[in-house]
Amino acid sequence: MTYKVIGKRVKRVEDPRLLTGQALFVGDVSLPGMLYAAFFRSDYAHAKVISIDISQALEIPGVVGVYTAEDMGDDWEPGPPLVSPPPTLENVVFNSRRQVPLVKGKVKHAGEIIAVVIAESRYIAEDAAEEILVEFEPLPAVVDLEKCLEPGSVLVHDDLDTNLAAHLIQNKGDYEGARKEADLVISRRFHLDRGAAAALENRGIVADWDEKNQHLTVWDATQSPIPIRNGLAARLGLRTHQVRVVAPFVGGGFGPKIMMFYAEEMVLPWISMKLGKPIKWIEDRRENFYATTQEREQIHDVEMALSKEGHILGIKQKFIHDTGAFNPYGLTTPLNTQSHSMGGYDVQNYYSDLTVVFTNKTIVTPVRGAGRPQGIYIVERMLDIAARELELDPMEVRRLNFIPPDAFPYDHEIIDQAFATLIFDSGNYEPAFDKALEMLGYEDFIKNEQPRLRAEGKYVGIGIVPFVETTGVGPYEGARVSVEPSGKISAATGVGTQGQSHMTAFAQVIAEQLGVEVSDVSMVTGDTAEFHWGTGTFASRGAVVAGNAVNAAAGDVRLKVLKLASKILETPEEELVLEDGMVRVADKPDQSISLGELALLANPLRGAVEPGTEPGLESTKYFGPAFGATAFGVHGMILEVDPETMMINIRKYITVEDCGTMINPLVVEGQIHGGVSMGIGNAYYEKLHYDENAQLLNASLADYLIPGSTEMPHIEVHHANTPAPNNELGTKGVGEAGAIPVPAVFAQALENALHDYDLEILETPLSPNRLYELLQEKEDNS
Amino acid sequence: MKVEGEHIFKGTQKQVWDLFRDTEVMATALPGTEKMEAVGENVYEAVMNVRVGPVAGKFSGNLVISNENFPETYTMTVDGRGKPGFLKGVGDVILSDQGDGSTLMKYTGEVQIGGKLAGVGQRLIDTVSKSIINQAFDILDQNLVERTAAEAEGREAEYQGASEKDYAATVAKDLVGGVLSAPWVKKLKGK
C-alpha cells in the first residue's frame, strides 16, 4: 500500500511547545490555595515501627496536617493487583502481596512511607518531616535471591511462611530427550543486576478535590491515567465521572510510571478530599531511587544442547527473579524473560523453571525492555560460548538457527505476558542480519582491520546480536476522531505520552485517512475527560494498538464524510477524493466541498437527523489484537577498550530495525537512539548497588552513572520492513527495542576486544571497575 | 562495611585502657562530638555531628561496652540515628603490651550504615571514617601524654579537642591519598 503521509519524516508537532517551555508538565500545575506534601520515609529496609511521634512536626507554623496509616482507618488498603498470573497455566504458585499507602507495622523496603506532612510550602513540609520521631526495631534484611529461600530465612512478609512470590514451569517439546541427542551440552550461570529507569522527570502529582462540584482532578505523571482514574474512584467511593486524571506532558516513563497505585498516588487524593484543598508533590531524585520501581535482577542457570553443526536442540533454564518487597505487577517481567530466552531461533525443546522471590528491596516492575534484555542476554551469550566450543563462526551459528521466513506465524507453545500463546506473527530475520554485518563491515574488520589494530596494540572488538521483541499486545485501546466546523480535526486517545511523539504519529494516520495537513490535527492523549477507555502506554504498543484504533476511527469518519459528500455533490462515493481538507470529484476539481462545511451540515440546527444515523462527522473505534506483533532487530558495534582505565570508546554502532510499517521514520530513529543510550547505561554504567542490609549505596546521580552525550556513539540506523499481518497499519512496536540487545552486544564485543585474556562474561551490568576486577580474577586464577 | 586498624600508644596497657574508658577524653578526641555521658554501667549516650561529603547532620545514639577483660580486650557496640540516616556497629578492641612501655591497640568491627549516609555518602564514608579514627588517634596520643603528665604532677589534665578545621584537612588529605594509591594510578605513574 502506498501512503502519502504515513512513512514520511514529518517533524514533531509537539516540539515547538516543548522546546520553548510552553508544554504543561505536572510541575507546572499551580492552583490557588495549593498545599504541598513531603514524606517521612524509612531509612531501614526492614524494621518494625514501634511508635510514631508527630507532635513536634505539627507545631511548626505553616504545617496543615500530618497523616499516618492509623489516620486512614478503613480507607487503608494495599494497592490493587494489577496483573494476575496467566489463568491458563497449570501448577502456578503465586503469592500476591501489594504495596501499601502508608506503613502499618513493618517497613519492607527503604523508602516506604511512614508519614506525610501537608504544609503551606514544600520547604515547611520538608522541615516538618524531619521533626517526626519514629522508633524502629531494625530487622535483618532479605537481600540474596537464593539465601532467602533457605529454611529459617528472615521473611519479608510474616503472614507467608516463605519468601517465595511465585513459581511456574513452562515446557515445550522434550528437552531431556533432545539433550541425549546432543553433541555438545553447555551450562552456565548468569547474574543480571538492577538498574533504575531514571526518567528525566521524576514522578509528580497534584490532587484537587472540589467540594462544591464533588469532583476530583488529579494531574499525574503516569503512563496509565485511565486505570488510575478507575482505581481512584473505586478506592475513594466516587463514581468514575467524578474523577478526572490528566497525564499532561510526561518527561519519560520507561515502565515505572505505570505502576498504579504508588503510595503517593493514593494518599494525596485521599488527603485532598479530607482538606478540600489542592495538594502538590514532585518526587525528588533521591526519593526516586528508593520509591520508584526498578528492574532486571535475576540469576539464571542455563543449559543449551547443540548438534556439532551448531543447531540448537534445546534450552533448559532455571531462574530466580527478584520482585522486591511486593509484586503488584504479577509475572509480566519474568514471563517476558521466558518468551525471549529462545531469541529469534527455532528452538523445538524448551524447559523453563521460574522462581520469583520477595526481598527487602524496592519493588520491581517493568523497565524499558521488561525482562526481554535478560532473555536475549542469556541466549546470545550461550550461542557465543557454544560457537567457541564448537569452533564455529558465531554469526553462522545464528544464521543456522533463525526461524525461517516460511515458518511464520511461529507458535512457541508457551504462554506470554499477555496470557496468550507466544506466537511470532511474522519476520524475515536473515536478510536483516546480513544487512547488519554488511553495515558494520564484519568480514573486513575480522580479516583486516582488527589484526592491523591489534598489531598497533589496540584492544578493539566487534559484537553483533540479533533480537526479537514481542510488542503491541492487547487488551485494547480506543480513539475518537471528529471533524470540527472549522475543518480542523480533533482527536483523542486514552494512552498517555511520555515522549513517544503520539501527537505527530497519530496525526499522520488521521491526515492519511482524511486528506488534511498533519498540522490541522489536534491530538489529545492521556486525559480521562477527553477519552476514558483504555489501559495505558506500555509493552511497545502505542503505535500498534492505539495507532490502529486511531486508524479505524479516522477510517470510519472518512466513510461518513464520503457518504454525506456523495449526497451533496450528487456523485458516487468511489469518484470522490479527500485532499487539502476538501472532498473533490476526481475528474472535476471545481466540484468540491470542504470538510468544515460537511461537518456543519452533519450537525444541523433544524430539520431531523435520519433515524439510525449519528450527528456530526465523528467516530470512536477500538482495536484489540488477539496476540502481539513481533519486531526484530540487530545491533552491532565496534569498540575499543583502554587497558589501563577500562574505559571504552565505541568506534561504530549500527542497528537494523524491523518494526513493520513505520508511521514516521524520524520518530522510530528517535526511539532507537534513546533505547540504545539506555542500553549502554544498562550494559556498562548503571547498576544499583545494594549492600547486605538492602541499603542502596549509590542513590544519587553523582554515583549512579547515566551515560551522557560523551558516552553516546553516532548510531547508524537501517530500516527493514516486514509488516505485521494482524493489524491494518502493519505496525510493530519499537519503543523498547533499542535497549534490549545492548548488554549482549557489549559482552560479545568486550570478549572479542580482550581476546588475549580469554574472558567469559556472564554478568551484566558491567562497568570499568567491574571489568578490571574480572581481568584481575582471571590473572589471579592463571 | 568492615573496619579494622591498629595504632601504637606510648603508654602501658592500663594507661591506654583508662584513657579509652574516660568519656571526657573520648568526647574531645572524636571530631564533632557534642556530648558523651554515662547513663548506666558501661552504657553511654552520645551526640555527634557527622559530615560525609554532602551528607551532614547530627547523630544521637548509644555506646555500650561489654565483654570487658581488663586490660586486654573489650567489645564496643554503637547504635546511632539521625537525619542523615543510621549507623550500627560492633567491634572488638585488643590492647597488647609491646614490652617497651608502649601498647598496640588493634580494632576490628562491622559497621552497617543506612539512609542518606549510605545512599549518598557511601563513596566517601570509608575515607571519612578512617580520617575520623586517625585524627582521634593523634589527639589521643597527645591526651595520653597530658594525662600521664598530669597524673605524675598531681594536677587536673587539660585535654585538647579536635578542631573542625583539622578534621577537614585530614579528610582532604586522606581522599587525595586514596586516589593516588589506587592501582591504576600507580600503574599510570609507573609509565
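Residues numbered from 1 in each chain as written. Chains lettered and ligands numbered in written order. Predicted model: local features only at pLDDT ≥ 70, side-chain atom pairs only at ≥ 80, totals over all residues. Heavy atoms only, no water.

A. Inspection of the pairing of strand β2 (residues 47-53) of chain A at higher detail. Residue and element names in this part refer to chain A. One ladder, built from 2 bridges, connects β2 with strand β5 (residues 106-107); its direction is antiparallel. Residue pairing for β5: Lys-48 is matched across the bridge by Lys-106. As defined by bridge partners, β2 adjoins strand β7 (residues 133-138) across 6 bridges and the pair is classed as antiparallel. Along β7, the bridge assignment pairs Val-49 with Phe-136. (Pairing = 2+ DSSP bridges. Helix = DSSP H or I, 4+ residues; strand = E, 2+ residues; numbered from the N terminus.)

B. A look at the environment of Leu-335 of chain A. Residue and element names in this part refer to chain A. Within the secondary structure, Leu-335 is located in helix α9 (residues 332-340). Taking the C-alpha atoms as reference, Leu-335 lies 9.5 Å from Pro-86; in sequence the two are 249 residues apart. Those residues within four positions of Leu-335 in sequence are excluded, and the remaining contacts are Pro-86, Leu-168, Gln-170, Ile-415, Asp-416 and Gln-417. (Contact = heavy atoms within 4.5 Å.)

C. Region of interest: the packing of helix α1 (residues 13-20) of chain B against helix α4 (residues 122-153) of chain B. All names here are of chain B. Look at α1 against α4: their axes get within 11 Å of each other, and the N-to-C directions meet at 115°. Viewed along their axes, α1 and α4 adopt a mutual orientation that is roughly perpendicular. The hand of the α1/α4 crossing is right-handed. On α4, the residues that touch Gln-15, Val-16, Asp-18, Leu-19 and Phe-20 of α1 are Phe-137, Leu-140, Asn-143, Leu-144, Arg-147 and Thr-148. For the contact of α1 with α4, the residue count by class is 6 nonpolar, 3 polar and 2 charged. (Axes fitted to C-alpha atoms, helices over the stretch in contact; angles between N-to-C directions. Parallel < 35°, antiparallel > 145°, perpendicular 65-115°, else oblique. Left-handed = near helix turned anticlockwise from the far one by under 90°. Nonpolar A, V, L, I, M, F, W, Y, C, P; charged D, E, K, R; others polar.)

D. The sheet that holds strand β25 (residues 576-579) of chain A, seen in detail. All names here are of chain A. Within the open sheet, the 3 strands sit side by side as β25-β26-β27. Their pairing is antiparallel. Either end of the sheet is taken by a strand with one partner, and the two such strands are β25 and β27 (588-594). Taken over all neighbouring pairs, the strand axes of this sheet differ in orientation by 30° on average, direction set aside. In the sheet, strand β26 (residues 582-585) pairs with β27 via 4 bridges, with the strands oriented antiparallel. Bridging across to β27, Arg-584 finds its partner in Ser-592. Helix α15 (residues 542-569) contacts β25, β26 and β27 of the sheet and is inclined by roughly 125° relative to β25.

E. Examining unusual backbone geometry more closely. Of the consecutive residues Phe-408 of chain A and Pro-409 of chain A, the connecting peptide bond is found in the cis state with omega at -5°. Looking at where Pro-409 of chain A falls in the secondary structure, it is placed in the loop between α11 (394-401) and β19 (410-415). A cis geometry characterises the amide bond from Phe-70 of chain B onward to Pro-71 of chain B, with omega recorded as -5°. Inspection of the secondary structure puts Pro-71 of chain B in the loop between β4 (55-69) and β5 (73-82).

F. Seen up close, the environment of Leu-18 of chain A. All names here are of chain A. Along the polypeptide, Leu-18 turns up in helix α1 (residues 15-19). The exposure class of Leu-18 is partly exposed, given its relative accessible area of 28%. Contacts of Leu-18, omitting those with residues within four sequence positions, involve Arg-12, Ala-23, Phe-25 and Phe-249. (Buried < 20%, exposed > 50% of the residue type's maximum accessible area, 1.4 Å probe, protein only.)

G. Looking closely at empty space enclosed by the protein. Counting across every chain of the model gives 10 cavities of 30 Å³ or more. Size it by volume and the largest cavity reaches roughly 1100 Å³. Leu-30, Met-76, Val-78, Leu-87 and Ile-133 of chain B are the residues nearest the centre of the largest cavity, which is lined by 48 residues in total. Those elements that provide at least two residues to the lining of the largest cavity are α2 (23-29), β2 (33-40), β3 (43-52), β4, β5, β6 (85-97), β7 (103-114) and α4 of chain B. With 8 residues, α4 of chain B is the largest single contributor of residues to the lining of the largest cavity. Here the second largest cavity defines a volume of roughly 140 Å³. Along the wall of the second largest cavity there are 13 residues; nearest its centre are Gln-99, Val-100, His-109, Glu-112 and Ala-263 of chain A. In the lining of the second largest cavity, the residues fall into 7 nonpolar, 3 polar and 3 charged. (1 Å grid on protein atoms, 1.4 Å probe; cavity = no way out; pocket = protein on both sides within 12 Å on 5 of 7 lines; lining within 4 Å. Points joined across faces, edges and corners; volume = space filled by probe spheres on them.)

H. Focus on the packing of helix α10 (residues 372-390) of chain A against α11 of chain A. Residues and elements named next belong to chain A. Between α10 and α11, the shortest axis-to-axis distance is 9 Å and the interhelical angle comes to 120°. When the interaxial angle is binned, α10 and α11 end up oblique. By crossing handedness, the relation of α10 to α11 is classed as right-handed. Across from Glu-380, Leu-383, Asp-384 and Ala-387 in α10, the residues of α11 making contact are Pro-394, Val-397 and Arg-398.

I. Fine view of the interface of chain B and chain A. Contacts between chain B and chain A engage 22 residues on the former and 24 residues on the latter. Across the chain B/chain A interface, buried area totals approximately 1900 Å², and carbon plus sulfur atoms make up 47% of it. Contact with chain A buries area across many residues of chain B, yet Arg-81, Lys-83 and Phe-86 of chain B alone supply 27% of it, more than any other trio. Here chain B is connected to chain A by 3 salt bridges. When the shortest N-O distance is used, the salt bridge between Lys-83 of chain B and Glu-130 of chain A registers 4.0 Å. One can count 6 residue pairs in polar contact (both at pLDDT 80 or more) joining chain B with chain A. Contributing elements (two or more residues each) for the side of chain B that touches chain A: β6, β7, α3 (116-119), α4 and α6 (183-190) of chain B. Of the residues contributing to the side of chain B that touches chain A, the split by class is 8 nonpolar, 6 polar and 8 charged. (Buried area = accessible area lost by both parts, 1.4 Å probe. Salt bridge = Lys/Arg side-chain N within 4 Å of Asp/Glu carboxyl O. Polar contact = N/O pair within 3.5 Å; in protein donor to acceptor, adjacent residues only side chain to side chain.)

Read these as geometric descriptors, not functional statements.
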